[in-house]
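# Remarks on the overall topology
If you want the building blocks of each chain, they are given just below.
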Amino acid sequence: MEKLTAQEEQAMQSIWSLNGGFIKEILDNIKGEKMPYTTLASTVKNLERKDFVKAVRYANAKRYEPMVSEQDYKAKFMNSFVGDYFKNSYKEMVSFFVKEEKLTEDELKEIMDMIKNNKS
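Residues numbered from 1 in each chain as written. Predicted model: local features only at pLDDT ≥ 70, side-chain atom pairs only at ≥ 80, totals over all residues. Heavy atoms only, no water.

Another point: the overall build of the chain. Summing up its helical and strand segments, the chain has six helices and two strands in all. Each helix and strand of the chain, placed in order from N terminus to C terminus, yields the pattern α-α-α-β-β-α-α-α. Taking 14 Å as the expected radius of gyration for a compact globule of 120 residues, we find that the chain reaches 18 Å, considerably beyond that expectation. Taking the principal axes of its C-alpha atoms as reference, the chain extends roughly 55 × 30 × 25 Å. Residues counted as buried form 28% of the 120 residues belonging to the chain. (Helix = DSSP H or I, 4+ residues; strand = E, 2+ residues; numbered from the N terminus. Rg over C-alpha atoms; globule rule 2.2 N^0.38 Å. Buried < 20%, exposed > 50% of the residue type's maximum accessible area, 1.4 Å probe, protein only.)

Encoded structure:
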């Protein structure tokens, strides 16, 4: 599985949240600044070529459905991200966010509770 470009990730976020859709639906569902219709159509074609989506024909239109789940994509690239930037240590990653004040004490406690609850 290859890493997606920012534009492809934006399109996939929309496709995942819709669980598939036609180009117009995908475009209408994109958060933030909208890309032109033709740009999105080209981006989705690239996603199809990369086997992230499949096209299902409905009369003259194509509906694009995800072939890779959001969870699988996140897992693959979070592991890669942690490996590349934090020496494969999630502890290093959490420590970084604490030092940068991106993680509050309450959020850290919430993470600890999740860890404790997951062990039981």
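There is more to say after this.
Positive phi values are uncommon outside glycine, yet Lys87 reaches one of about 50 degrees. A positive phi angle, near 65 degrees, is found at Asn88, a position not held by glycine. Summarising the element assignment, Asn88 is placed in the loop between α4 (70-85) and α5 (90-99).

Once that is clear, we can look at the confidence of the model for the chain. Mean pLDDT over the chain stands at 89; residues scoring 70 or higher make up 98%. Confidence scores differ between elements of the chain, with helix α6 (residues 105-119) showing the lowest mean pLDDT of 83 and helix α3 (residues 37-49) the highest of 97. (pLDDT = per-residue confidence, 0-100.)

Time to look at the domain arrangement of the chain. When its domains are assigned, the chain resolves into domain 1 (6-66) and domain 2 (89-119). Computed from C-alpha atoms alone, the centre-to-centre distance between domain 1 and domain 2 is 34 Å. (Domains from an automatic or database assignment.)

Along the polypeptide, Leu108 turns up in helix α6. Residue class for Leu108 comes out partly exposed when judged on its relative accessible area of 29%. Taking C-alpha positions, Leu108 is 8.7 Å from Val94, a pair spaced 14 residues apart along the chain. For Leu108, the contacting residues outside a window of four places in its chain are Val94, Val98 and Leu103. (Contact = heavy atoms within 4.5 Å.)

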